[in-house]
Amino acid sequence: MPEGIVPELIIAAVLLLILAGVGIASRTKREPRDRPPTKPDATRPRAQAPAAAAETLAVDETTPAPVPVVVPEPLKLGLRDRLVKSRRYLADQLTTALGSDDDDAWDDLEAALIQADIGVGTATRLTEAARASAGRTHRKNGAWEELRGLLADELNATFDADAERSLIMADDPPTVWLIVGVNGSGKTTTIGKLARDAAERGRTVALAAADTFRAAADEQLGVWAERANAEIVKHQHGADPGAVAYDALQHARARGLDILIVDTAGRLHTKTPLMDELAKVRRVIEKEGKVHEVLLVIDATAGQNGLVQAKEFAAAAGVTGIVLTKLDGTAKGGIAVAIESELGIPIKLIGVGEGIEDLEPFEPKAFVDALLS
């Protein structure tokens, strides 16, 4: 071979080998490598048979039974809690008097009892008895309990234990209750509560809207009539109250109703013509029947003015019982003692709250215990 050809052949062979290697490498990159087998995922649920799936679906569609929610009834406060203002006021004054060697403390106690509207005579008697008792005990640990017992005995003695405190019901219906009192005393609300209570006891009730002077008085009474499922008899504004009372009595008789409650115009006891009108309403009713109760509604917060009202209304309408309202909102609960001790008119009902159930029969011993507890 010629001398220059051998190197050229060697170079060409090397180039061919290089090109062949590049082609193989390129082909290898384009071909996908075999992937390793996928391992089962232990966290994934396995496919279930159709029957099992249907069973699971039925379980999921089941709605759980609702859990009944028990709503507790509101806690009804006792008389002691409702008389908290009067009770705290008297307790503070008694504690001060017992813990002091100053004679002025007893004078302050007497003044406190008078301010609580117990009455001057009763307050003086109670203070003298309490002072003597505290002197005997020398203010030992038992002084308060002994003094409390003494005061309770004295207060209970001011109430007539033989007084009839339940509302009179007629043997031959309808029973007629005449409700009197000044505006703002809670007269209409008391009528509504009386009607509701009677209805809950299974008695049928009619209300007579004989307050024809006050604007919208019949509408207010109508609301209470609806709540108590009672019937109402009313005339136009400004009508004769006696005529309303007469028509209401005839209506109650014709319908065979058990109770007729007659509302009257709220009037000041100092207005003679209005008090005369009240007496006229009673006379009209008694021409055709009988008035079984004349209930005077007194606002306990009126204090001694309420005592004056009671005297005037008793003279004009022959009051047979007292309804003492708003006792929960005053520190002058002693007005109950003054009314009975000075007038001899029994307290039959007391109002100790806004609720329909907050008109309660008056029980002297329970009242005194709550006042001094």
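## Some points on the overall build of the protein chain
In terms of regular secondary structure, the protein chain is built from 14 helices and eight strands. Among the 373 residues that make up the protein chain, the fraction classed as buried is 40%. Residue pairs at least 24 apart in sequence account for 74% of intrachain contacts in the protein chain once pairs closer than 6 positions are excluded. As displayed, the protein chain offers around 21200 Å² of accessible surface, 54% of which is attributable to carbon and sulfur atoms.

## What to know about the pattern of salt bridges
Considering all chains together, one arrives at 12 salt bridges under this definition. Linking R165 and E340 is a salt bridge whose minimum nitrogen-to-oxygen distance equals 2.5 Å. With R165 in the loop between α7 (143-158) and β1 (175-180) and E340 in helix α13 (residues 335-343), this residue pair connects regions lying 175 residues apart in the sequence. Comparing R165 with E340, the two get one shared label, buried. Across the pair D240 and K280 runs a salt bridge, and its minimum N-O distance is 3.6 Å. With D240 in the loop between β3 (231-233) and α10 (241-255) and K280 in helix α11 (residues 272-288), this pair connects stretches of sequence that are 40 residues apart.

## Here we look at the packing of aromatic side chains
Inspection of every chain in the model, using the stated rule, returns three aromatic pairs. Taking 6.5 Å as the distance between ring centres and 85° as the angle between the ring planes, the aromatic pair formed by F159 and F367 counts as edge-to-face. Pair noted here: F159 is in the loop between α7 and β1 and F367 is in helix α14 (residues 364-372), with a separation of 208 residues, a long-range link. Judged by its relative accessible area of 5%, F159 is buried. The rings of F159, F362 and F367 are connected pair by pair, giving a single aromatic cluster. The ring of W224 is capped by R227, whose NZ or CZ atom sits 4.7 Å from the centre of that ring.

## Details of the sheet that holds strand β6 (residues 321-325)
The strand order across the open sheet formed by eight strands is β3-β2-β4-β1-β5-β6-β7-β8, and the pairing between neighbours is mixed. The sheet terminates laterally at β3 and β8 (359-361), the two strands that pair on one side only. Strand-to-strand twist in this sheet, taken as the mean axis angle between neighbours without regard to direction, amounts to 25°. Pairing between β1 and strand β4 (residues 259-263): five bridges, direction parallel. Residue pairing in the sheet places W177 in a bridge with I261 of β4. In the packing of helix α9 (residues 217-227) onto the sheet, contacts are made with β2 (205-209), β3 and β4, and the angle to β2 comes to roughly 170°.

## Brief notes about the pairing of strand β7 (residues 347-351)
With respect to burial, β7 is a largely interior element, five of its five residues being buried. Pairing of β6 with β7 involves three bridges; the strand directions are parallel. The residue of β7 that forms the bridge with V323 is L349. Of the strand pairs in this sheet, β7 and β8 are connected by three bridges, and their pairing is antiparallel. For I350, the partnering residue across the bridge sits in β8 and is E360.

## Section: the confidence of the model for the protein chain
Close reading of the predicted structure is inappropriate where its pLDDT is low. Chain-level pLDDT for the protein chain is 78 on average; 71% of the residues reach the 70-or-more range. The least confident element of the protein chain, judged by mean pLDDT, is helix α2 (residues 50-60) at 46; the most confident is β4 at 97. Low pLDDT, under 50, characterises residues 49-60; the stretch is placed with two contacts to residues that sit more than four places away or in other chains. This stretch, residues 71-75, has a pLDDT under 50; its non-local contacts, to residues over four places away or in other chains, come to zero contacts.

## Re unusual backbone geometry
Here the residue pair P173 and P174 is connected by a cis peptide bond, since its omega of 10° sits within 30 degrees of zero. One can find P174 in the loop between α7 and β1. In this structure, N229 takes a positive phi of about 55° despite not being glycine. Relative to the assigned elements, N229 resides in the loop between α9 and β3. Positive phi values are uncommon outside glycine, yet K326 reaches one of about 60°. Note that K326 resides in the loop between β6 and α13. Since its relative accessible area comes to 34%, K326 is described here as partly exposed.

Rules behind the numbers
Residues numbered from 1 in each chain as written. Predicted model: local features only at pLDDT ≥ 70, side-chain atom pairs only at ≥ 80, totals over all residues. Heavy atoms only, no water. Helix = DSSP H or I, 4+ residues; strand = E, 2+ residues; numbered from the N terminus. Buried < 20%, exposed > 50% of the residue type's maximum accessible area, 1.4 Å probe, protein only. Contact = heavy atoms within 4.5 Å. Areas by Shrake-Rupley, 256 points an atom, 1.4 Å probe, with all protein chains shown as cover. Salt bridge = Lys/Arg side-chain N within 4 Å of Asp/Glu carboxyl O. Phe/Tyr/Trp six-rings, centres within 6.5 Å; stacked < 30°, edge-to-face > 60°. Lys NZ or Arg CZ within 6 Å of the ring centre and 35° of its normal. Pairing = 2+ DSSP bridges. Axes fitted to C-alpha atoms, helices over the stretch in contact; angles between N-to-C directions. pLDDT = per-residue confidence, 0-100.

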